[in-house]
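Results of the structural survey
Next come the chains, spelled out residue by residue.
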Amino acid sequence: MADKDLLHLQCHFGMDTLNWARLGARVTGVDFSPAAVERARALAERTGLAAAFVEADTQRLPEHLADGFDLVVATYGVLCWIADVKAWAQGAAMALKPGGSLVMVDLHPAFQTIATVDPLVADWPYGGGEPQRETVTGTYAEPGMPVPAHDSVQYPHSLGDIVSAIADVGLTVKHLGEHTAAEFDPRGILSRSQDGLYRLPFGDTHLPVLYSLRASRS
């Protein structure tokens, strides 16, 4: 991580971006929310960490980011907010230096279909990309804190949709992992196992909770 140029897509208010700065990376975070970008810049100033933050839609990254980064990183709750995965992937590819890598860790699309575990109920599409609308009154940034009701729009993308979009923009997929255990419960519906990890039970086995992907620009 040290001495790497790193672009963090959908950085929100920059906590992870600044953690990579602490590890020695030269970091730039991108988020569409002006409030989040303002907060990220304030946190960087308070901590004294060098970081740039750009207000932009990750489906339409500004051209000044082209060919600038060894790593483009996106983690946890990424593509469910993206209508056009291919446009998102094209931006990531554009931002990479030759030989650079896109690195992702995100909620597994199969896990996102699950509404409840006991009983096991699935109420969300697996793939297709059609917008799914609901009214919500909370925020993951501060669980339990009431916020005014507002509409939320998310997009279901299958693992095949995601990998194909990344390959279609010319990136070479080097790693694809599916993970049945996580150190936290991303959606608040899982039980903690005796080893401290969270799993999604399915009969005598488990369904994946997360996936990881690494793809490189030739």
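Here the structure is shown first, and the text comes after it.
Report follows, based on the coordinates. (Residues numbered from 1 in each chain as written. Predicted model: local features only at pLDDT ≥ 70, side-chain atom pairs only at ≥ 80, totals over all residues. Heavy atoms only, no water.)

1. What to know about the environment of Ala51
In plain terms, the rule: Secondary structure counts use DSSP, requiring at least four H or I residues in a row for a helix and at least two E residues in a row for a strand, with both numbered from the N terminus. Note on contacts: a residue pair qualifies if any of its non-hydrogen atoms lie within 4.5 Å across the two residues.
Structurally, Ala51 is set in strand β3 (residues 51-55). Remark: the alpha-carbon pair of Ala51 and Arg26, spanning 25 residues in sequence, is separated by 7.0 Å. The residues contacting Ala51, other than those within four sequence positions of it, are Leu18, Val27 and Ala44.

2. Considerations on the pattern of salt bridges
The line we're drawing: Take a side-chain nitrogen of Lys or Arg and a carboxyl oxygen of Asp or Glu: if they are within 4 Å of each other, that pair is a salt bridge.
Inspection of every chain in the model, using the stated rule, returns seven salt bridges. For Arg217, the salt bridge goes to Asp67, with nearest N and O atoms at 2.6 Å. With a gap of 150 residues between them, Arg217 in strand β14 (residues 210-217) and Asp67 in the loop between β3 and β4 (69-75) connect regions that are remote in the sequence. Across the salt bridge formed by Arg199 and Asp195, the nearest N and O atoms sit 2.9 Å from each other. Through salt bridges with shared partners, a single network forms among Asp3, Asp5, Arg26, Asp70 and Lys97.

3. Quick look at helix α2 (residues 34-47)
Helical geometry: 3.6 residues make up each α-helical turn, so side chains three or four residues apart lie on a common side. Applied cut-off: To estimate how far a helix should extend, the number of its residues minus one is multiplied by 1.5 Å. Each residue gets one of three labels from its accessible area relative to the maximum for its type: buried under 20%, exposed over 50%, partly exposed in between, using a 1.4 Å probe on protein chains only. In this description, the arc belongs to the directions extending from the helix axis to the C-beta atoms.
Taking 1.5 Å of rise per residue, the 14 residues of α2 would be expected to cover 20 Å, and the 20 Å separating its terminal C-alpha atoms lies within 8% of that figure. For α2, the set of buried residues is Ala36, Val37, Ala40, Leu43 and Ala44. Take α2 and look down its axis: the buried residues cluster within an arc of 120°, on one side only. Of the exposed residues in α2, the ones pointing more than 90 degrees away from its buried face are Ala35, Glu38, Arg39, Glu45 and Arg46. Its buried side turned inward, α2 meets α1 (15-22), β2 (26-31) and β3.

4. Comments concerning the nonpolar core
Short version of the rule: For the purposes of this section, nonpolar cores are sets of buried Ala, Val, Leu, Ile, Met, Phe, Trp, Tyr and Cys residues that join through side-chain atoms within 4.5 Å.
In terms of nonpolar packing, the biggest core is built from 31 residues, with Leu7, Leu9, Val72, Leu79, Trp88, Leu102 and Ile166 touching the most fellow members. At the level of elements, β1 (5-9), β4, α3 (85-95), β5 (96-107), α5 (159-168) and β14 are the ones that each hand at least two residues to this core. Counting residues per element, this core draws most heavily on α3, at six residues. Beyond its immediate stretch of four places on either side in the chain, Leu102 contacts Val72, Trp88, Ala92, Leu96, Ile166, Leu171, Leu213, Arg214 and Ala215. Counting nine residues, the second-largest nonpolar core is a separate cluster that includes Leu107, Ala182, Tyr198 and Val209.

5. Notes on empty space enclosed by the protein
Applicable threshold: Method remark: on a 1 Å grid restricted to protein atoms, a set of points is classed as a cavity if a 1.4 Å probe fits but cannot get out and as a pocket if it is open with protein on both sides within 12 Å along at least five of seven lines; lining residues have an atom within 4 Å of a point. Grid points are joined across faces, edges and corners, and a volume is the space filled by probe spheres set on the points. Charged means Asp, Glu, Lys or Arg here, nonpolar means Ala, Val, Leu, Ile, Met, Phe, Trp, Tyr, Cys or Pro, and polar covers whatever is left, Gly included.
Enumeration according to the criterion identifies one cavity of 30 Å³ or more in this entry. Looking at the largest cavity, its volume works out to about 60 Å³. For the largest cavity, the full set of lining residues is Gly77, Val78, Leu79, Cys80, Asp106, Leu107, Pro109, Gln112, Tyr155, His157, Ile162 and Tyr211. Counting only elements with at least two residues in the lining of the largest cavity, the list comes to β5 and α4 (109-112). Residue composition of the lining of the largest cavity, by class: eight nonpolar, three polar and one charged.

6. Re the packing of aromatic side chains
In this description, an aromatic ring pair is defined by two values, namely the gap between the centres and the angle between the planes. So the rule is basically this: The aromatic pairing rule takes the rings of Phe, Tyr and Trp, using the six-membered ring of Trp, and pairs them if the centres are within 6.5 Å, calling planes under 30 degrees apart stacked, those over 60 edge-to-face and the rest tilted. The rule is short: NZ of Lys or CZ of Arg within 6 Å of the ring centre and within 35 degrees of the ring normal puts a charge over the ring.
For the structure shown, the criterion picks out one aromatic pair. With a centroid separation of 5.1 Å and an interplanar angle of 85°, the aromatic rings of Tyr76 and Phe184 are classed as edge-to-face. Of the two residues, Tyr76 is situated in the loop between β4 and α3 and Phe184 in the loop between β10 (171-179) and β11 (191-192); the sequence distance between them amounts to 108 residues. Taking relative accessible area as the criterion, Tyr76 reaches 39% and is therefore assigned partly exposed. Classification of Phe184 as partly exposed rests on a relative accessible area of 33%. For the cation-ring pair, Arg187 lies above Phe111, with the distance from its terminal atom to the ring centre recorded as 5.3 Å.

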